[in-house]
Amino acid sequence: MVTVLLLLLPPAAPLASAVPAGTTARPGAAARPAPAPERRAGPVRRFTHPGVLLNRAQLDAVRERAAGRAEPWRSAYRAMRTDRYGSLSYTPRPTSVVRCPPGSRPGRGCVEERQDALAAYTHALLWYITGKAAHADKAVQIMDAWSAVLDDHTEGNAPLQAAWAGSSWARAGEIVRSTYDDWPRSRARRFATMLRTAYLPQVTADVADYNGNWDLAMTDAAMGIAVFLDDADAFDAAVVRFRARVPAYFYVRDDGPLPQRPPHSSIGSASGLRTYWFGQRRFVDGLAQETCRNFRHVGYALAATGHMAETAWHQGVDLYAEAGDRLRAALTFHAGYQLGDTVPSWLCGGRLSTAMGPDTEVLLNHFVHRDGSPLPDAQQVAQRQRRHGDTGTDDLFVAWETLTHAGNPG
């Protein structure tokens, strides 16, 4: 992994707030939908639940589509239902300290933690779709196992590891606590304490000089955790960080001849900024800080940015509108080369690594289906990925988003 600077500042102190009591509506129960939140730029003080990445209207649509035969949802649901993460025999593997060093050095608990968090989220979705309590119980078993023992994340990749797992934990916990009666409140509070103490300090650390997918993934986790905790201060801090970091990752010509510097960055010169952008010297609409590294990491950044904007949308804050020009440009720019556009010599030395995962469904859902923006190249790439069966998970922090968000404005 190419990193500009490996100095990480001490993590911020945990934020204090009350842990909310869970709500108990079962997925099949009749319930009046909550009114859509008013979208505003100011701070959020009352949260909508469920509201981490998915709201109830979207969950209801997922359940309805999973029962039908229409594509791409039928195939996406089959992939999730038959995946190892959805097995009722899945066994969690918690550890007290997750140690994740950079590079190829072996860690402890890193893969297990990410996989267990994804499994908890998968079972939470399966519970809502099928109404089978065994899936909710399995999600609870996995979350309880980790909250009983986890104390900390250590080594150089700790913030990114906490981001990947923390994002999935928040989504899983939000669905289960909002829709399932039988998660004991004491265990749900213990899970909330784990998110506050073992994850939130890590994902709010300052990583200004790291590649931007770190900061964006970390803030994705911080925002989801904040909603689960009903922590307005932590949510507002995540919104502030989104507003500062997204413009420093996705370039548009209004930025001037050079991209914006990441907030708090030590980069002090134009040459240093170009080095940070992997040697790129010419900047055009939609270029990302890691385009010349590879599209895989750009995909992580797009996914994390979409997750944050979607969660904020459910909480009444329209980050899509604020970053829309950048995100539409980035989707279009990268899709063109994924579809085979000739790479000019001035772009990344004429060579691009264009493999990107299933990372754009959330953004496309908003811009195409809510906003009505034509993004034909990006839609074509997504449709091609669906046809090739790439509708699942990256085994990090993106999971089942063709099923949950394709054409699902909520």
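Preceding block: the structure.
Just so it is clear, the structure is predicted and the values come from calculations on it, not from any experiment.

### Details of the packing of helix H5 (residues 158-179) against helix H7 (residues 212-229)
The N-to-C vectors of H5 and H7 enclose an angle of 30°; their axes lie 8 Å apart at closest approach. By the criterion of interaxial angle, the relationship of H5 to H7 is roughly parallel. Remark: the crossing between H5 and H7 carries left-handed chirality. Along the contact surface, H5 presents Pro 159, Leu 160, Ala 162, Ala 163, Trp 164, Gly 166, Ser 167, Ala 170, Arg 171, Gly 173, Glu 174 and Arg 177, while H7 presents Asn 213, Trp 214, Ala 217, Met 218, Asp 220, Ala 221, Gly 224, Ile 225, Val 227 and Phe 228. Here the residues of the contact of H5 with H7 are counted per class, giving 13 nonpolar, 5 polar and 4 charged.

### A closer look at the packing of aromatic side chains
The relation between two aromatic rings is expressed through the spacing of the ring centres and the mutual angle of the planes. All told, the structure shown has 15 aromatic pairs when counted by the stated rule. With a centroid separation of 6.2 Å and an interplanar angle of 55°, the aromatic rings of Trp 146 and Trp 169 are classed as tilted. A residue pair is termed long-range when its members are at least 10 positions apart, and Trp 146 in helix H4 (residues 133-147) and Trp 169 in helix H5 qualify at 23 residues. Among the residues examined, Trp 169 registers a relative accessible area of 0% and is labelled buried. For the pair Tyr 320 and Phe 367, a centre-to-centre distance of 5.7 Å together with 80° between the ring planes defines the contact as edge-to-face. Of this pair, Tyr 320 sits in helix H11 (residues 319-338) while Phe 367 sits in helix H12 (residues 361-370), and the two are 47 residues apart along the sequence.

### Some remarks on unusual backbone geometry
With an omega of -10°, the peptide bond running from His 49 to Pro 50 counts as cis. Positionally, Pro 50 belongs in the segment before helix H1 (56-66). With a phi angle near 75°, Leu 53 is a residue other than glycine that sits in the positive phi range. Accessibility expressed as a relative area gives 1% for Leu 53, which makes it buried.

### Section: the side chain of Glu 401
Looking at the secondary structure, you find Glu 401 in helix H14 (residues 401-405). The side chain of Glu 401 sits in the buried core without any salt bridge; Arg 171 is the nearest counter-charge, 4.7 Å away. Of note is the side chain of Glu 401, whose polar atom sits 2.6 Å from the side chain of His 307. Ignoring anything within four residues of it in the chain, the contact list for Glu 401 reads Leu 53, His 307, Pro 358, Glu 361, Val 362, Thr 391, Gly 392 and Ala 406.

### Structural notes on the pattern of salt bridges
Two side chains of opposite charge can pair, provided their charged atoms sit close to one another. Per the counting criterion, the structure on display carries 17 salt bridges. A salt bridge links Arg 293 to Glu 290, with the shortest nitrogen-to-oxygen separation between them at 2.7 Å. Given a relative accessible area of 14%, Arg 293 falls into the buried group. Residues Asp 371 and Arg 328 are paired through a salt bridge, measuring 3.4 Å at the closest nitrogen-oxygen approach. In this pair, Asp 371 is assigned in the loop between H12 and helix H13 (376-387) and Arg 328 in helix H11, connecting sequence segments 43 residues apart. Overall, the relative accessible area of 23% leaves Arg 328 in the partly exposed class. Where salt bridges share partners, they join Asp 215, Arg 241 and Arg 245 into one cluster.

### A closer look at the state of the cysteines
All chains considered together, the criterion is met by 2 disulfides. Across the disulfide from Cys 100 sits Cys 110; the S-S distance is 2.1 Å. Residues Cys 100 and Cys 110 are joined through a disulfide that is left-handed, its torsion about the S-S bond being -125°. Taken together, the residues span a long stretch of sequence, with Cys 100 in the loop between strand S1 (97-99) and helix H3 (110-130) and Cys 110 in helix H3 at a distance of 10 residues. The burial state of Cys 100 is the same as that of Cys 110; both residues are buried. In this model Cys 292 forms its disulfide with Cys 348; the gap between the sulfur atoms is 1.9 Å.

What counts and what doesn't
Residues numbered from 1 in each chain as written. Predicted model: local features only at pLDDT ≥ 70, side-chain atom pairs only at ≥ 80, totals over all residues. Heavy atoms only, no water. Axes fitted to C-alpha atoms, helices over the stretch in contact; angles between N-to-C directions. Helix = DSSP H or I, 4+ residues; strand = E, 2+ residues; numbered from the N terminus. Parallel < 35°, antiparallel > 145°, perpendicular 65-115°, else oblique. Left-handed = near helix turned anticlockwise from the far one by under 90°. Contact = heavy atoms within 4.5 Å. Nonpolar A, V, L, I, M, F, W, Y, C, P; charged D, E, K, R; others polar. Phe/Tyr/Trp six-rings, centres within 6.5 Å; stacked < 30°, edge-to-face > 60°. Buried < 20%, exposed > 50% of the residue type's maximum accessible area, 1.4 Å probe, protein only. Lys, Arg positive; Asp, Glu negative; His and termini not counted. Salt bridge = Lys/Arg side-chain N within 4 Å of Asp/Glu carboxyl O. Polar contact = N/O pair within 3.5 Å; in protein donor to acceptor, adjacent residues only side chain to side chain. Disulfide = S-S within 2.5 Å.

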